[in-house]
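Structural characterization, general
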Amino acid sequence: MFVPEDRTLRVQQTPVREKVAQVQKANEEIVIANPGEPLISDVYAQKGPQLDNIINDARIKYIVGQIDEKGFEDAVALWKNNGGDDYVKEVNELYAALK
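What this report covers is the structure whose coordinates are included nearby. Note that this is a predicted model, so its numbers are computed, not measured. (Residues numbered from 1 in each chain as written. Predicted model: local features only at pLDDT ≥ 70, side-chain atom pairs only at ≥ 80, totals over all residues. Heavy atoms only, no water.)

Digging into the overall build of the protein chain
Spelled out, the test is: Strands are runs of DSSP state E lasting at least two residues, helices are runs of H or I lasting at least four, and both sets are numbered from the N terminus onward. We compute the radius of gyration from the C-alpha atoms alone; for a globule the expected value is 2.2 Å times N to the 0.38, where N is the number of residues. Only protein chains enter the accessibility calculation, which uses a 1.4 Å probe; a residue is then buried when its area is under 20% of its type maximum, exposed when over 50%, and partly exposed in between. Whether two residues are in contact is decided by their heavy atoms: any pair within 4.5 Å suffices. In this tally, Asp and Glu contribute negative charge and Lys and Arg positive charge; neither His nor the terminal groups of the chain are included. The atoms used to mark charge sites are NZ of Lys, CZ of Arg, CG of Asp and CD of Glu.
Helix and strand counts for the protein chain stand at three helices and zero strands. N-terminal to C-terminal, the α/β element order of the protein chain is α-α-α. Taken over the C-alpha trace, the protein chain has a radius of gyration of 22 Å; the compact-globule value for 99 residues is 13 Å, which it surpasses by more than 25%. By principal-axis analysis of the C-alpha atoms, the protein chain measures approximately 70 × 40 × 30 Å. Going through the 99 residues of the protein chain one by one, you find that 13% of them count as buried. Taking all contacts inside the protein chain whose residues are at least 6 apart in sequence as the whole, residues at least 24 apart take part in 67%. Averaging the coordinates of the 12 positive side-chain charges in the protein chain and doing the same for the 17 negative ones gives two points 4 Å apart.

Written out as structure tokens, the structure is:
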């Protein structure tokens, strides 16, 4: 008779890991799925890193006080002009096609 061996590494359960598991389980009842997650955007494939950098940089600069609200709005306008509007339009079209 063959008895399979268990050779996997076991993660040590710590109080933090147990709490994480509890919170994740509790969140299953209230989580809202992202309907855009399965959508594949050609615009994002081409310009995604550039678009992400524009917003990430602006968010950090705003948080640390290097730019004000006007500076953040300018970054959003830059994001839109560099492909953000095209990305939003494409994702909306892809989502509408799913319905």
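Still more to cover.
Side note on the environment of P35
Relative to the helices and strands, P35 is located in the loop between α1 (15-27) and α2 (42-63). According to the relative accessible area criterion, P35 is partly exposed, its value standing at 45%. Sequence separation of P35 and I60 is 25 residues, and the distance between their C-alpha atoms is 27 Å. The contacts of P35, once residues within four sequence positions are left out, are Y95 and L98.

Focus on the packing of aromatic side chains
Heads up, the rule is: Note on ring pairs: Phe, Tyr and Trp rings are taken, using the six-membered ring of Trp, and paired if centres are within 6.5 Å. Classes follow the plane angle, with under 30 degrees stacked, over 60 edge-to-face and the rest tilted.
Counting across every chain of the model gives two aromatic pairs. Taking 5.2 Å as the distance between ring centres and 35 degrees as the angle between the ring planes, the aromatic pair formed by Y44 and Y87 counts as tilted. Note that Y44 is positioned in helix α2 and Y87 in helix α3 (residues 69-98), a separation of 43 residues in sequence. You can call Y87 partly exposed: its relative accessible area is 25%. Measuring from ring centre to ring centre gives 5.8 Å for Y62 and F72, while their planes differ by 50 degrees; the resulting arrangement is tilted. Residue Y62 is found in helix α2, and its partner F72 is found in helix α3; the two are separated by 10 residues along the sequence. For F72, a relative accessible area of 28% translates into the label partly exposed.

Points about α3
In plain terms, the rule: Residue count minus one, scaled by 1.5 Å, sets the expected span of a helix. At every residue, the bend is computed as the angle between two fitted axes, covering the seven residues ending there and the seven beginning there respectively. Within 3.5 Å is the distance limit for a polar contact, defined as a pair of N or O atoms, with the added protein rule that one can donate a hydrogen and the other accept it, and that residues adjacent in sequence qualify only through two side-chain atoms.
The terminal C-alpha atoms of α3 lie 36 Å apart, and with 30 residues this falls more than 12% below the ideal 44 Å at 1.5 Å per residue. Of all the bends in α3, the greatest, near 70 degrees, is centred on G83. The set of residues buried in α3 consists of G71, A75, W79, G83, G84 and E90. On its buried side, α3 packs onto α2. The opening residue of α3, the one whose side-chain oxygen lies 3.2 Å from the backbone nitrogen of K70, is D68.

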